[in-house]
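Fold and contact review
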Amino acid sequence: MAVDKKGVISALEEIALLLELTGANPFKARAFQNGARALANYEGDLRAGLDGGELAKLKGIGKSLLGEIKSLLETGESPARVELRAQIPAGLLEMLKIPGLGPKRAHELHEKLGVESVGELEYACKENRLLKLPGYGEKTQAKLLKGIDYIRKFSGRHLLSDAWTRADDLVERLQQHPGVSRIELAGSIRRRKETIGDIDILVATDEPAAVSEMFVTFAEVEEIIGHGDTKSSVRLESGIQVDLRVVPEQSFPFALHYFTGSKEHNTVLRQRAKDRGLRLNEYGLFHVDDHGEAIGESVAAMDEAELFAALDLAYIEPELREDRGELLAAESGALPELLQPGDIRGALHNHSTWSDGAHSIEEMARAAQALGWEYIGLSDHSQTAFYAHGLKPDDILRQHEEIDRLNERLDGIVILKGIESDILPGGALDYDDDVLESFDFIVASVHGNFGLDRKKQTLRSVRAVQNPFTSVLGHPTGRLLLAREGFDLDMDEVIAAAGESGCAIELNANPHRLDLDWRDLPKAVKAGVKISIGADAHRTEGLKDLRYGIALARKGWLRATDVLNVLGLAELKPMLRRSGCP
DNA sequence: GCCGTTTTCGGCCCGACTGTTTTCAGTCG
């Protein structure tokens with residue numbers, strides 16, 4: 001069975017991990033990681049790129065990787081992976097998820113103790129068998145047991161919304177310390193990743209010990225993982241790990257950049273520095289001598305913008321620092337002017353008590369107005385969604401009467417009549433045309449029959465976006481972060497179809513969804529698709545989730561002009577009823 | 001395994017912290 005691009009990339013990543021587990025040359029493993037990365041950043045079709053010779057020209061793809069990729073595309077398997085899998089038990093890969101256990105020790109434990117899985121490792125720890133190995137002591141064994149406990153209790157990742165809220169609270173409290181002169185949230189929260197491994201907080205202070213002490217003694221700290229001069233790590237009761245880094249004032253911009261990451265972005269930026277005879281680390285940007293030793297003081301920088309400028313780059317927003325072309329764009333002045341929260345004028349896709357929402361239409365409208373919105377789109381569930389009290393045609397009539405009355409009565413906010421129509425398995429919408437015609441807009445979403453095969457699932461969404469009544473394709477992958485994979489479909493094909501037909505695609509701002517995936521947003525923009533940032537609010541507080549949608553829109557390189565709901569009502573309305581509608 | 005105006009061999013980003021070591025390897029970000 002052949003695999004798609006995602007399959008090829010994950011195969012190369014797996015090979016890299018397996019290589020590390022064999023104890024092979026670590027640079028060989030890194031070569032596979034780099035190759036996977038090169039493919040992830042490659043925009044074209046792999047098959048075509050392979051046949052046309054484009055892949056062979058990619059930096060990081062050599063003769064050997066090309067062979068593996070070819071084999072994966074043609075047969076669905078790669079000789080290297082088959083061979084490695086035969087050598088390495090699958091349980092060893094699982095073991096790498098244990099915090100504090102890396103490939104070297106996983107390999108060693110396998111070799112010397114015959115441990116092949118997380119469960120076996122747990123047993124070996126409890127039998128004190130690790131203590132017999134050189135370099136292992138009581139603490140290591142206890143730490144591994146704790147790590148096993150941790151991955152069983154938590155997935156190891158957290159929603160952006162949860163981590164961000166908690167992090168803001170910690171920052172606010174640390175700020176109270178008189179010794180703190182600067183403080184910023186760094187890491188993947190600052191980059192607005194949709195899920196977060198741990199919270200990174202950076203502080204500039206001349207009282208590092210006191211600030212660190214305050215941090216590790218917060219009431220919700222359950223465990224102190226590490227506590228050094230410049231770095232402390234704790235685990236909170238909620239399971240999330242928080243790292244605090246403490247640096248002197250003049251290092252702050254360099255440290256902020258460094259600890260914001262991503263690792264991949266940092267690597268290419270450090271390489272760029274190196275190419276210029278400089279060394280970049282969290283303390284500064286230094287000139288180096290012939291022996292590669294840093295000399296003298298750091299190049300001065302008040303902020304990150306000056307750091308980038310010292311490397312002849314425009315300022316790169318944190319959201320873009322993923323090594324997905326941002327350096328090239330920063331070099332050539334091609335960085336986008338990103339969407340701002342203030343650009344948003346309202347949002348479609350919200351629910352009320354008419355289907356499965358918790359608040360009335362009026363309550364939702366007033367809450368939207370309080371947020372400064374000019375309009376709110378109401379889109380309760382359609383009739384097939386019986387589990388969510390989907391609306392029958394006569395419900396819709398009555399709901400529209402209520403909206404008309406409210407629109408007459410309310411000042412300063414306009415309620416748009418919409419529906420979140422299920423996309424039926426064949427791709428049709430959930431009402432007859434005469435009912436569909438009565439709405440201002442229609443969000444079409446898949447809510448059931450997730451198990452259709454890739455071809456049928458793709459066709460289903462393609463038909464939905466080709467339907468002239470569909471204004472927006474809602475949460476296009478159907479994923480629930482940390483809970484459920486999206487359904488199997490060819491998103492490139494769906495995006496292309498939406499581009500041709502003029503249908504918008506949603507970036508659903510619900511923190512469990514954040515769907516369309518930010519990685520696909522640039523593709524959608526390139527195809528001429530407008531993005532509708534939808535709140536998918538089921539209660540008034542849910543409207544505020546739009547901030548997560550805006551954050552991820554920025555991460556996906558969106559400018560205001562790429563977004564549907566930056567438009568005022570007069571411009572928006574015609575966009576919602578496309579040509580072809582009766 | 002990949003790469004190259006320092007090119008076909010010899011590098012491949014950099015530093016903090018921990019645990020187990022008397023000088024360092026492993027892990028992490």
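The structure presented is a predicted model; accordingly, all values stated were derived computationally and were not measured. (Residues numbered from 1 in each chain as written. Chains lettered and ligands numbered in written order. Predicted model: local features only at pLDDT ≥ 70, side-chain atom pairs only at ≥ 80, totals over all residues. Heavy atoms only, no water.)

Some thoughts on the confidence of the model for chain A
Across chain A, the average pLDDT comes to 90, with 98% of residues at or above 70. In the model of chain A, strand β10 (residues 294-295) stands out as the element of lowest mean pLDDT, 73, in contrast to strand β17 (residues 531-534), which has the highest, 98. (pLDDT = per-residue confidence, 0-100. Helix = DSSP H or I, 4+ residues; strand = E, 2+ residues; numbered from the N terminus.)

Remarks on the environment of Ala498
Residue placement: Ala498 occurs in helix α22 (residues 491-501). Distance in space between the C-alpha atoms of Ala498 and Ala535 is 21 Å, their sequence separation being 37 residues. In this structure Ala498 touches Val465, Cys503, Ile505 and Val529, once residues within four positions along its chain are discounted. (Contact = heavy atoms within 4.5 Å.)

Quick word on the pairing of strand β14 (residues 441-445)
For β14, a buried count of 5 out of 5 residues is recorded, marking the element as mostly surrounded by other parts of the structure. In β14, alternate side chains face the same way, and those of Phe441, Val443 and Ser445 on one face and Ile442 and Ala444 on the other are all buried. One ladder, built from 2 bridges, connects β14 with strand β15 (residues 472-473); its direction is parallel. Pairing of Ala444 across the sheet is with Leu473, part of β15. With respect to chirality, the unit in which β14 leads through helix α21 (residues 454-466) into the neighbouring parallel β15 is right-handed. (Buried < 20%, exposed > 50% of the residue type's maximum accessible area, 1.4 Å probe, protein only. Pairing = 2+ DSSP bridges. Right-handed = clockwise from strand over helix to strand, strands pointing away.)

So, the nonpolar core
Ranked by internal contacts, the top residues of the largest apolar core, which has 93 residues, are Ile201 and Ile533. Among the elements that line this core, the one with the most residues is helix α11 (residues 160-175), at 7 residues. Built from parts of two domains, this core gets at least three residues from each of domain 3 (158-247) and domain 5 (341-576). By size, the runner-up hydrophobic cluster in this structure holds 44 residues, among which are Ile9, Leu12, Leu133 and Ile148. (Core = buried A, V, L, I, M, F, W, Y, C linked by side-chain atoms within 4.5 Å. Domains from an automatic or database assignment.)

Observations regarding the protein's contact with DNA strand B
In the vicinity of DNA strand B lie 45 residues, with Arg30, Gly100, Gly137, Tyr258 and Arg270 positioned nearest. Atoms of DNA strand B within 4 Å of the protein: sugar and phosphate make up 76%, bases the balance. The backbone of Gly62 places a nitrogen or oxygen atom 2.8 Å from a phosphate oxygen of DNA strand B. Residue assignment for the surface near DNA strand B shows that the elements contributing at least two residues are α2 (26-41), α5 (63-75), α8 (103-113), α10 (138-153), β5 (221-227), α15 (263-275) and β8 (278-281). Top element by residues in the surface near DNA strand B is α2. It accounts for 5 residues. Class assignment of the residues belonging to the surface near DNA strand B gives a composition of 13 nonpolar, 15 polar and 17 charged. (Near = heavy atom within 4 Å. Polar contact = N/O pair within 3.5 Å; in protein donor to acceptor, adjacent residues only side chain to side chain. Nonpolar A, V, L, I, M, F, W, Y, C, P; charged D, E, K, R; others polar.)

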